[in-house]
Amino acid sequence: MATSVTMASGSLLQQMIFTCLSIMFTLLLFAASIGSASPIRVPNLQQCELAMDASVSLPLMTLTLNCCLPIPPQSPRHFSFHKYKSEPRVRQAAHTVSDAYIAKYTRAYELMKALPDDDPRSFHTQAKIHCAFCNFAYRQAGNASVPLQVHFSWLFLPWHRWYLYWHERILQSLLGDPTFALVFWNWDDQRDGGNVMPAMFVPNGTALYDRNRNQNNLPPTLVKLRPNTTGNDSAVVNQNLNDMYQDVVTATTAELFMGGAYRTGTDLTNATVINAPLGGLLENGVHNGIHFWTGNSDLPLIQDMGTFTTAARDPIFYAHHSNVDRLWDKWKYNLPGGPRADHNDTDFLKAKFYFYDENARLVKVKVRDALDNSKLGISYPTVAADELWVNYNPPVMSIGSAVAVARAAGVATMGAAPQNGTIFLGSNLSAIVKNPSSLPPTTAKATVLIIQGLQVTRKSFMSLSAFINLPFADALTDTSSAEYIGTFNIIPTANVKHRHLITNVMFEIGDNMRRIGISHEHEAVITMVVTGVEPVSIEGLLIDYA
Ligand code: C2O
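On a predicted model such as this, the values are computed, not experimentally measured, just so you know.

Caption draft 1: Spotlight on the overall build of the protein chain. Counting secondary structure elements, the protein chain contains 13 helices and 16 strands. Expected size for 546 residues packed as a compact globule is a radius of gyration near 24 Å; at 25 Å, the protein chain falls within 12% of this value. Dimensions of the protein chain along its principal axes, counting C-alpha atoms only, are 95 × 60 × 45 Å. Contacts spanning at least 24 positions in sequence make up 80% of the contacts within the protein chain whose residues lie at least 6 apart. Summed over its atoms, the accessible surface of the protein chain is roughly 21800 Å², and 57% of this surface lies on carbon and sulfur atoms. Looking at charge distribution, the protein chain has the averaged site of its 41 positive side-chain charges lying 7 Å from that of its 44 negative ones.

Printed below as a string of structure tokens:
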């Protein structure tokens, strides 16, 4: 009797264990299927969509919206470090190179611009590559209803690294010099001469010149890393330093810095709060800021640099992105607190892109092979002025928590999505948001503000700056203080079919709260200041640990 009872409960136990195991197995399979089964693949280049005409009315200027890429007759090659050997080369700061280097650089672009337009190596086609993958000329492989986009997500940094790599290889082969390297525009340098438009790109009539730039921003005008930064030069410098500090130094996680997941099926224009893509702080902040600053703001889409269709028609684009690329390395290896980690999701590592090599052949590349610049032969010198933003110490403007004052002034509370519908932001909006204020989980690397489900029509440039504990902040508020948490900039698109954007926006606020002394408050006041003419709405606000 006793034996049979034992046996019965034994088999019950076995059954339970079996059931548990099979549930776990199913869960694992499910996790694997959402976690690693849908990296972005190379698109079908035969199916190219002509971007629709934006019927640009003011000033008379028509955009060429055909971003379709030439298809070489040979079959695409697969990249390998063995097939594509690279000479070690150093990318130097544009404001530090010699006249001889500038002459060579100019010669390289003359040669590239002299190639026929339909040559994959021509400057014309090089610029089209950016337009094609940034203005929805192709559809995602495996999900033809969704257009492909390499901005607003974790694809941004590796795609642009590869883009520069092939662009530079073509310039090398045209010059017959495999050690030739692009320069970087050191716009983050607020002390040693990097924060103006580099002189080598300024003279009219050279191959490095572009007439579609903001003529008010020629040297010696200082760069503004945030479109609405105002004040005298020293105020601009401090605000630039704080933008770098907020976008790079306190962006401690890969998601904050590089952006979030983008897999086959992710749709920028048709997303919900749950699956909306997430651009990184480097991209949405200072990177977009420089695009805006450089483009001609008298033109409807701030051409050339101010919109993706035309940005890469300006040779300064490649120097701008060299600096973005340098800052990725800086973030990874050279900030206090030790090395920081890229994403390691297999959908990130296995994502694939097309580029052209120096022999005009298509190459397939993977994100995984772009993660280590030294393998690609690329290095950057140490920049002494980095220390100014790495060690920037934003002053605190406010005293104690501003929640009570804000509440007395009628500021309402706002929670996470779903709220009762969409909230229109107008030119500025303050809200009281719940702060978890408990002990963060030991794995937490950051405290983040998530602006959920931000929706905008990308007809013109739009910018959202956010503040904490400064309920009366407006468009004129100085952004050098600890209350400033960052700016999200949207670059307009000429493609009228894909102008609608839904995205989440994340800012690190733990460092700001510590400096202000409000980490343990149960609520915080968040203020969003919006500039631009398009209506902007959000679906909720959430403070959480990451
Ligand atoms: Cu593809 Cu700076 O943008």
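Still more to cover.
Caption draft 2: Broad picture of the sheet that holds strand β6 (residues 362-366). Reading across the sheet, the 3 strands line up as β1-β6-β5 and stay open at both edges, with mixed pairing between neighbours. If you trace the sheet from one side to the other, it starts and ends with β1 (77-78) and β5 (352-356), each paired once. In this structure, β5 lies alongside β6, joined through 5 bridges in antiparallel fashion. Pairing of Y354 across the sheet is with K364, part of β6.

Caption draft 3: Looking closely at the sheet that holds strand β11 (residues 462-468). The 4 strands are arranged β9-β14-β11-β12 in an open sheet whose pairing can be described as antiparallel. The open sheet has two edge strands with one neighbour each: β9 (428-434) and β12 (484-490). Sheet twist, expressed as the mean angle between neighbouring strand axes with direction ignored, is 20°. Examined bridge by bridge, β9 and strand β14 (residues 523-531) share 7 bridges and lie antiparallel to one another. Of the residues in β14, the one forming a bridge with I432 is V525.

Caption draft 4: Highlighting the pairing of strand β10 (residues 447-457). Along β10, 10 of the 11 residues are buried, which leaves the element largely enclosed by surrounding structure. Here β10 pairs with strand β16 (residues 540-545) via 6 bridges, running antiparallel. In the sheet register, I450 faces β16, and the bridge partner there is L542. Across 2 bridges, the pairing between β10 and strand β15 (residues 536-538) is antiparallel. Pairing of V456 across the sheet is with V536, part of β15.

Caption draft 5: Molecular detail of the UniProt feature "domain: Tyrosinase copper-binding" (unreviewed entry) in the protein chain. The UniProt feature table records "domain: Tyrosinase copper-binding" (unreviewed entry) at residues 151-168 and 314-325. What you have in residues 151-168 is 72% helix and 0% strand, and the ends, taken at the C-alpha atoms, are 21 Å apart. Taken end to end, residues 314-325 comprises 83% helix and 0% strand; its first and last C-alpha atoms sit 18 Å apart.

Caption draft 6: Main features of the nonpolar core. Y105, Y109, W162, W187, I451 and L464 are the most contacted members of the largest nonpolar core, which totals 151 residues. Here this core takes 10 residues from helix α4 (residues 156-175), the largest share from any one element. In this structure Y105 touches F180, A181, L182, V183, M200, F201 and L208, once residues within four positions along its chain are discounted. A402, V403, A406 and I432 belong to the second-largest nonpolar core, a separate cluster that totals 6 residues.

Caption draft 7: Representation of the packing of helix α7 (residues 281-294) against helix α9 (residues 316-333) in the model. Packing of α7 against α9 leaves a shortest axis separation of 11 Å and a crossing angle of 160°. One element, α7, and the other, α9, form an angle in the roughly antiparallel class. The crossing of α7 and α9 is right-handed. Together, L282, H287, I290, H291 and T294 of α7 and I316, F317, H320, H321, V324 and L327 of α9 make up the contact between the two elements.

Caption draft 8: Broad picture of the state of the cysteines. Within the structure shown, the criterion is met by 2 disulfides. Sulfur-sulfur distance for the disulfide between C48 and C68 comes to 2.1 Å. One quick way to see it: the torsion about the S-S bond of C48 and C68 is about -90°, and its sign makes the bridge left-handed. Here C48, found in the loop between α1 (2-36) and β1, pairs with C68, found in the loop between α1 and β1; they are 20 residues apart in sequence, far enough to count as distant. The partly exposed category is assigned to C48, whose relative accessible area is 24%. In this model, C67 is linked to C131 through a disulfide, with the two sulfur atoms separated by 1.8 Å. Of the two residues, C67 is situated in the loop between α1 and β1 and C131 in helix α3 (residues 123-134); the sequence distance between them amounts to 64 residues.

Caption draft 9: Spotlight on the packing of helix α2 (residues 99-114) against α4. Following both chains from N to C, one finds α2 and α4 inclined at 95°, their axes separated by 9 Å at the closest point. As judged from the angle between their axes, α2 and α4 are roughly perpendicular. Listed contacts from α4 to K104, R107, A108, Y109, L111 and M112 of α2 are H167, I170, L171, L174 and L175. Residue classes in the contact of α2 with α4 are distributed as 8 nonpolar, 1 polar and 2 charged.

Conventions used here
Residues numbered from 1 in each chain as written. Predicted model: local features only at pLDDT ≥ 70, side-chain atom pairs only at ≥ 80, totals over all residues. Heavy atoms only, no water. Helix = DSSP H or I, 4+ residues; strand = E, 2+ residues; numbered from the N terminus. Rg over C-alpha atoms; globule rule 2.2 N^0.38 Å. Contact = heavy atoms within 4.5 Å. Areas by Shrake-Rupley, 256 points an atom, 1.4 Å probe, with all protein chains shown as cover. Lys, Arg positive; Asp, Glu negative; His and termini not counted. Charge placed at Lys NZ, Arg CZ, Asp CG, Glu CD. Pairing = 2+ DSSP bridges. Axes fitted to C-alpha atoms, helices over the stretch in contact; angles between N-to-C directions. Buried < 20%, exposed > 50% of the residue type's maximum accessible area, 1.4 Å probe, protein only. UniProt positions renumbered as here; feature names shortened; annotations may be inferred. Core = buried A, V, L, I, M, F, W, Y, C linked by side-chain atoms within 4.5 Å. Parallel < 35°, antiparallel > 145°, perpendicular 65-115°, else oblique. Left-handed = near helix turned anticlockwise from the far one by under 90°. Disulfide = S-S within 2.5 Å. Nonpolar A, V, L, I, M, F, W, Y, C, P; charged D, E, K, R; others polar.

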